[in-house]
Amino acid sequence: MNIKDRLKHQSLKTKWMLTTGVAILISYAAICIVIFIALHTWLLANEEKNALRTVDDMSSFFASQGLTVTIQDLQNQTGLMKAILNQDQTVRLYQLDGKEILQINNTSPAANLAIFFSSPNETIIDETTLDGRDVYVMHRLVHIGPIQYVLQLVHPLTAFQSIMRYIFTTMLMMGVGAVLLAAIISYYASNVLIRPLRQLRNSMIAVKEQGFETQVDFEYDAKDEIGDLLRIYESMLHELKISFNRQQQFISNASHELRTPIQSMEGHLSLMKRWGKNDPDVLEESLDTTLNELARMKQIMEELLQLARKESIAENASTDVEAVVRQVSTELQFIYEEVTFDTSVVGQPKHAAISNEALLQIIRNLYENSIRYNGNMPYIKTMIHYENDHVYIEISDNGIGIAEEHLPYIFDRFYRVDDARVHVEGSTGLGLSITKMLIDKYGGEIEVHSQMGKGTVFLLRLTIKM
Ligand code: ADP
C-alpha cells in the first residue's frame, strides 16, 4: 500500500492532524530556509567587510609612517597595530621572497602566501580552512619606507559560524515546538469538529439497525455548516418518522377496514349456506347485510382510487363559490330536514380557481361531517369572504368537536377519532383526506379549529381566478 492509500483509510482526525502538521512544517521550513540563507549571506558579507577594513587600516597605517620608517621601528610599535586589529585576527608581513618579518597577534597559523598581484592596489581574498577552522585570508601589497612587502591577514570565521549555529538551533527548536503546538491544537480542534460528525454517523448506524424510533440528541449547536447538517438530519429524521408512522397506520387501517366487511360477508354467506335455503328470514337478512358490506367496500375502494388517481388540474377551472355552497346545502336539506344552513357573503364576489366538481365534493364532505358528528340539531354556518386575491370559506358547526390530540391527524387516510364512532353510517375515515388532497391540488389551504362539545370550524382559502 502506498502512502495515499494508507492515508485514505485513516480516520478524519488523523487526516486532519497530518495535513495541518505537514502544512505547518513545510511553511515553517520554507520560511526558515529563506531567513537562514539571507542571514548567512548578510553576516558573511559583513565579516568580509570587517576583514577588508582591517587590511585598509593597516595599509593606511603603514603609509602614514613616512619614507624613513624601518621594520625595526614597526616591531617596536606592535601595541599600536594590535589596536587596529580584532583580537582574533592575525597579520603577518612578508618580504617579496616569502620571508616573514613581522607578526601581529597569533591566533591562526600562517596561510599559503600569495605574491602575484595583478595591480598594486589589489586585495586577494580567499576563503579557506586553517587548522580545521574556516578563515578569510587576504593579501595586499604595502609600502614600509621605500620597500614593498606583502601583508597577510587571517580572519577566522568562528564567531560568524557560532552565530549561524545558534540561529540554526533556535530555528530547529522553535520548529519542533511549533509542530508540536500545531499538533496539539489541531488534535483539539479536530476533536471539537469531528465529534458531532461521529455522533451523526453513530446515530445513522443506530437508525439503520433499530429503526426510526432511535432517539437523536446532538450536543453541537453552533450555527455553522456542521450545525446545519445536524439540524437538517434531525428534521429529516423527524419527517421520515412521521411519514413512516403514517404509512404504518395507513396499512393497518386499510387492512382493518377491508377485513371487517369481508369477515362479515363470509359469516353471512356461510349462514345462508347452512340455514338460508330453508329460512327465508335468514336469507333476506344475510343478503341485505352482505349487500351493505359490499356497498361499503365499494365506497372505500372508490375513495381510495380517487385518492390514488393523479388527475391533471383543470387549467382554466373557475367556480362560483356561493352557487356551489347553496347547491350542496339545498341537496342536503332534502335529506336532512332538521339541519339549519346559514350562509353569508362578505366582499365583492369573484370566481375561485377550482373546478366545480372538486369544490362540490369539498363542501359536501365538510357539511356531511358537520351533520354526522353532531349530537344536537345541526346548525351549519358558512361565511364566504372575498379579499384581494383570495376567497375564504369558513364552515362552522355546533357538533361534538374534535379533541386537540386528534386534530393533527384528521386529514390522514382512514383516520377516525375513536372506534366508538366506527359505525357512524358512511364513515370511512377518507373524507377529509380527499378534501385536503383536492384543496392542495388547486393550491389552496385548509385549517381546522375545534372545541370539544362546542363545535368545529374549517377554514378554507382558495385563489381567485384572474
Ligand atoms: P369519516 O369518513 O370518518 O367522516 P373524515 O376524514 O371525513 O372521515 O373525518 C375524520 C374524522 O374526523 C371523523 O372520523 C370524525 O371523528 C372527525 N370529524 C371530521 N369532521 C368533524 C366535525 N365537523 N365534527 C366533529 N368531528 C369531525
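This section reports on the structure supplied with the text. (Residues numbered from 1 in each chain as written. Predicted model: local features only at pLDDT ≥ 70, side-chain atom pairs only at ≥ 80, totals over all residues. Heavy atoms only, no water.)

Glancing now at the pairing of strand 10 (residues 455–463). Sheet topology places strand 8 (residues 390–396) next to strand 10; seven bridges connect them, and they run antiparallel. Paired with Y392 across the two strands is R461, which belongs to strand 10. Inspection of the sheet shows strand 9 (residues 445–451) paired to strand 10 by seven bridges, in the antiparallel sense. Looking at strand 10, one finds that Q451 is bridged to G455. Adjacent in sequence and paired antiparallel, strand 9 and strand 10 are bridged by three residues, among which G453 carries a positive phi angle near 80°. (Pairing = 2+ DSSP bridges. Helix = DSSP H or I, 4+ residues; strand = E, 2+ residues; numbered from the N terminus.)

Now for the site of the ligand. Among the 19 residues in the neighbourhood of the ligand, the closest are listed as N369, Y373, S427, G429 and L432. Residue N369 places a side-chain N or O atom 2.8 Å away from an oxygen atom belonging to the ligand. At 2.7 Å, a side-chain N or O of Y373 approaches an oxygen atom of the ligand. With three residues, helix 9 (residues 356–372) is the single largest residue contributor to the shell around the ligand. (Near = heavy atom within 4 Å. Polar contact = N/O pair within 3.5 Å; in protein donor to acceptor, adjacent residues only side chain to side chain.)

With that settled, consider the environment of K99. Tracing the backbone through its elements, the reader meets K99 in the loop between strand 1 (90–94) and strand 2 (100–104). For the pair K99 and Y149, spaced 50 residues apart in the sequence, the C-alpha separation amounts to 9.8 Å.

This part takes up the packing of helix 7 (residues 280–308) against helix 10 (residues 431–441). Their axes nearest at 10 Å, the elements helix 7 and helix 10 cross at an angle of 25°. The pairing of helix 7 with helix 10 is recorded here as roughly parallel in orientation. The hand of the helix 7/helix 10 crossing is left-handed. Residues E303, Q306 and L307 of helix 7 touch helix 10, and the partners they reach there are S433, I434 and M437. Here the residues of the contact of helix 7 with helix 10 are counted per class, giving three nonpolar, two polar and one charged. (Axes fitted to C-alpha atoms, helices over the stretch in contact; angles between N-to-C directions. Parallel < 35°, antiparallel > 145°, perpendicular 65-115°, else oblique. Left-handed = near helix turned anticlockwise from the far one by under 90°. Contact = heavy atoms within 4.5 Å. Nonpolar A, V, L, I, M, F, W, Y, C, P; charged D, E, K, R; others polar.)

Between its first and last C-alpha, helix 8 (residues 321–335) extends 22 Å over 15 residues, near the 21 Å set by a 1.5 Å rise per residue. Those residues of helix 8 not exposed but buried are V321, V324, V325, V328, S329 and L332. On an axial view of helix 8, the arc spanned by its buried residues comes to 125°, and they lie on one face. The secondary structure elements touched by the buried residues of helix 8 are strand 6 (340–346), helix 9, strand 7 (379–387) and strand 8. Where helix 8 begins, the side chain of D320 points an oxygen toward the backbone nitrogen of E322, at a separation of 3.2 Å. (Expected span 1.5 Å × (residues − 1). Buried < 20%, exposed > 50% of the residue type's maximum accessible area, 1.4 Å probe, protein only. Arc of directions from axis to C-beta.)

Each pocket or cavity is described by its volume, and for the largest pocket that value is around 670 Å³. Lining the largest pocket are 34 residues; nearest its centre among them are N365, E368, N369, R372 and Y373. Of all the secondary structure elements, the ones that give two or more residues to the lining of the largest pocket are helix 7, helix 9, helix 10 and strand 10. Counting residues per element, the lining of the largest pocket draws most heavily on helix 9, which supplies nine residues. Looking at side-chain class alone, the lining of the largest pocket contains 12 nonpolar, 14 polar and eight charged residues. (1 Å grid on protein atoms, 1.4 Å probe; cavity = no way out; pocket = protein on both sides within 12 Å on 5 of 7 lines; lining within 4 Å. Points joined across faces, edges and corners; volume = space filled by probe spheres on them.)

With respect to topology, five strands assemble into an open sheet ordered 6-7-8-10-9, the strand pairing being mixed. Each edge of the open sheet carries a strand with a single partner, namely strand 6 and strand 9. Neighbour to neighbour, the strand axes of the sheet diverge by 15° on average, direction disregarded. Sitting on the sheet, helix 9 is in contact with strand 6, strand 7, strand 8 and strand 10, with an inclination near 20° to strand 8. Packed onto the sheet, helix 10 meets strand 9 and strand 10 and runs at close to 145° relative to strand 9.

Across all of its chains, the model carries seven aromatic pairs by this definition. Ring geometry for Y409 against Y415: centres 5.6 Å apart, planes inclined by 35°, an arrangement best described as tilted. By relative accessible area, Y415 is classed as buried at 18%. Pairing F411 with F458 gives two aromatic rings, centres 6.4 Å apart and planes at 80°, and the pair type is edge-to-face. Taken as a pair, F411 in the loop between strand 8 and helix 10 and F458 in strand 10 lie far apart in primary sequence, 47 residues in all. You'll find F411 and F458 in the same group, each marked buried. (Phe/Tyr/Trp six-rings, centres within 6.5 Å; stacked < 30°, edge-to-face > 60°.)

It is worth stressing that arrangement in space is one thing and function is another; only the former is reported here.
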